[in-house]
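Below are the chains, spelled out letter by letter.
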Amino acid sequence: MRLLLAGDTHGNLGHVRRILRAAADRGIEDVFQLGDFGYWEHEQSGVRFLDSVHRAARDHGVTVHFLDGNHDKSGLIHRRYGDRPDDEGFLRVRGRIRYAPRGHAWTWDGVRFLAFGGARSVDKDERLKEEARRHQKAARKEGHRLAAGRPPAEVPDYAGTLWFPEEEATDDDVRGVIAAVTAASGGTDVLLTHDKPRATRPGTNRKDLDICLPNQERVQRLVDELHPRLVAHGHLHHRYTATLTRPRATTRVEGLAADPGVSWGLPGYKVSDSWLELDTVTL
Ligand SMILES: [Fe+2]
Ligand SMILES: [Fe+2]
């Protein structure tokens, strides 16, 4: 089985279409996107994005899988679709779009996969401030309406529209996943994450900040305990390959670049660095 792994897409429909074309050109039927996909179904633009991705994927004969990045409102996925996982345990957001919940493990062609989304937003404070600013603006507008004798209307509070409290994994998440995967299959072959494992040292790392390290440590714990042969992740918006050598296993780490919308101007950026072919036979 061949997959096309894809880095952050951030709701960039043109880029997702490009990825789908790249998959179809290679005869690949499954794309796995590594978070910051653009799941914003709380906004009309997010609904349109999902509908358009579904249609484009169907036209190319491709299914899109994704895990949650820090900029995907994954709590809403669980509220809307969490009660009906499909036959492989994915949540079907659209006919051709499947979400892999944090800690979801499955097997394709005898290869054990584990998805583990989440990361810390470096711009969390700005996003919270913007939510508060929008609320204050709406409250002022409502004040003017009431002063003009209009009937009262609800003031939206905007909490959870730009920053999502579920963005980071927890230590309990990690402990639970390690226990479940170890009991079920002894480990994993491919670990798909949004965040990087702590131990890699990419040449460019915009997330090398103290606030980002706890979640990187969680991913690292999964690597150390579950011994994947391959880890692929997004989030850094930077393409690199690293090897982590430990007594029990050697792990190849592939960090993928992101869509051009956030990447023009990054040194050495190439659009094709935002995807990577994975063949389960030659893993
Ligand atoms: Fe991103
Ligand atoms: Fe991210």
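Please read all numbers here as calculations on a predicted model, not as lab measurements. (Residues numbered from 1 in each chain as written. Chains lettered and ligands numbered in written order. Predicted model: local features only at pLDDT ≥ 70, side-chain atom pairs only at ≥ 80, totals over all residues. Heavy atoms only, no water.)

J.: Just to check I follow, could you spell out the sheet that holds strand S9 (residues 230–233) for this structure?
T.: By way of backbone hydrogen bonds, the strands of a sheet pair with one another, either parallel or antiparallel. The six strands are arranged S6-S7-S8-S9-S11-S10 in an open sheet whose pairing can be described as mixed. The open sheet terminates on both sides in strands that have one partner only, identified here as strand S6 (105–108) and strand S10 (240–245). With strand direction ignored, the average angle separating the axes of adjacent strands in the sheet is 20 degrees. For S10 and strand S11 (residues 250–255), the ladder comprises six bridges, and the chain directions are antiparallel. Bridging from a neighbouring strand, Tyr-240 pairs with Gly-255 of S11. Along the sheet, helix H5 (residues 171–185) contacts S6 and strand S7 (111–116); its crossing angle with S7, the most-contacted strand, is approximately 170 degrees. (Pairing = 2+ DSSP bridges. Helix = DSSP H or I, 4+ residues; strand = E, 2+ residues; numbered from the N terminus. Axes fitted to C-alpha atoms, helices over the stretch in contact; angles between N-to-C directions. Contact = heavy atoms within 4.5 Å.)

J.: Looking at this structure, how should I read the coordination of the iron ion (ligand 2)?
T.: Expected angles at a metal are 109.5 degrees for tetrahedral coordination by four donors and either 90 or 180 degrees for octahedral coordination by six donors. All of the protein donors around the iron ion (ligand 2) are Asp-36 (OD), Asn-70 (OD1), His-194 (NE2) and His-235 (ND1); their distances to the metal are 2.2 to 2.4 Å. If you look at the iron ion (ligand 2), its four donor atoms make angles of 87 to 160 degrees with each other, and the shape they trace is irregular. A separation of 3.4 Å is found between the iron ion (ligand 2) and the iron ion (ligand 1), both of which receive a donor from Asp-36. Taken as a pair, Asn-70 in the loop between strand S3 (63–66) and helix H3 (74–81) and His-235 in the loop between S9 and S10 lie far apart in primary sequence, 165 residues in all. (Donors = N, O, S within 2.8 Å, 3.2 Å for Na, K, Ca; no water. Tetrahedral: all angles 85-135°; square planar, octahedral: opposite > 155°, others 65-115°.)

J.: Can you walk me through the sheet that holds strand S1 (residues 2–6) in this structure?
T.: Judged by pairing direction, the sheet is mixed, and its six strands sit side by side in the order S4-S5-S3-S2-S1-S12 without closing on themselves. Only two strands of the sheet have a single partner each, and these edge strands are strand S4 (91–94) and strand S12 (275–279). Adjacent strand axes in the sheet meet at a mean angle of 25 degrees, parallel and antiparallel pairs treated alike. Sheet topology places strand S2 (residues 30–33) next to S3; four bridges connect them, and they run parallel.

J.: Hey, could you run me through the domain arrangement of the protein chain in this one?
T.: Quoted interface sizes are often the accessible area lost when the parts come together. In terms of domains, the protein chain is made up of domain 1 (2–121 + 163–279) and domain 2 (122–162). Computed over C-alpha atoms, the centres of domain 1 and domain 2 are 33 Å apart. Facing the 13 residues of domain 1 at the interface are nine residues of domain 2. Carbon and sulfur atoms supply 59% of the area that domain 1 and domain 2 bury against each other, a total of about 970 Å² over both sides. The tally of links between domain 1 and domain 2 comes to zero salt bridges. Joining domain 1 to domain 2, the criterion identifies five residue pairs in polar contact (both at pLDDT 80 or more). For the side of domain 1 that touches domain 2, a count of residues per class yields six nonpolar, three polar and four charged. (Domains from an automatic or database assignment. Buried area = accessible area lost by both parts, 1.4 Å probe. Salt bridge = Lys/Arg side-chain N within 4 Å of Asp/Glu carboxyl O. Polar contact = N/O pair within 3.5 Å; in protein donor to acceptor, adjacent residues only side chain to side chain. Nonpolar A, V, L, I, M, F, W, Y, C, P; charged D, E, K, R; others polar.)

J.: Would you mind going over the pairing of S3 with me for this structure?
T.: One face of the sheet, then the other: side chains in a regular strand alternate in exactly this way. Of the two faces of S3, the one lined by Thr-63 and His-65 and the one lined by Val-64 and Phe-66 are each fully buried. Running through helix H2 (residues 44–60), the crossover from S2 to the neighbouring parallel element S3 is right-handed. Where S3 and strand S5 (residues 97–99) come together, three bridges link them in parallel fashion. Within S5, the residue paired with Val-64 across the bridge is Ile-97. (Buried < 20%, exposed > 50% of the residue type's maximum accessible area, 1.4 Å probe, protein only. Right-handed = clockwise from strand over helix to strand, strands pointing away.)

J.: Whenever I open this one, the packing of aromatic side chains confuses me. Can you help?
T.: Two aromatic rings are characterised by how far apart their centres lie and by the angle between their planes. All told, the structure shown has 12 aromatic pairs when counted by the stated rule. Relative to Tyr-99, the ring of Phe-66 has its centre 5.3 Å away and its plane inclined at 45 degrees; by these criteria the two rings are tilted. Of this pair, Phe-66 sits in strand S3 while Tyr-99 is found in strand S5, placing the two residues 33 residues apart along the sequence. A single burial state applies to Phe-66 and to Tyr-99, both of which are buried. Note on Trp-108 and Phe-113: the rings are 5.3 Å apart at their centroids and 65 degrees apart in plane angle, and the pair reads as edge-to-face. With a relative accessible area of 6%, Trp-108 lands in the buried category. Counting every residue linked through ring pairs, the aromatic cluster contains Phe-32, Phe-90, Trp-106, Trp-108 and Phe-113. (Phe/Tyr/Trp six-rings, centres within 6.5 Å; stacked < 30°, edge-to-face > 60°.)

J.: Looking at this model, I keep getting lost on a positive patch on the surface. Mind explaining?
T.: Residues Arg-17, Arg-18, Arg-21 and Arg-55 make up a contiguous surface patch of positive charge. For the positive patch, the element with the most residues is helix H1 (residues 13–25), which contributes three residues. Tracing the sequence through the fold places Arg-17 in helix H1. For Arg-17, a relative accessible area of 37% gives the class partly exposed. (Patch = residues over 30% accessible without salt bridge, like charges linked within 9 Å, V, L, I, M, F, W, Y side chains within 5 Å. Areas by Shrake-Rupley, 256 points an atom, 1.4 Å probe, with all protein chains shown as cover. Lys, Arg positive; Asp, Glu negative; His and termini not counted. Charge placed at Lys NZ, Arg CZ, Asp CG, Glu CD.)

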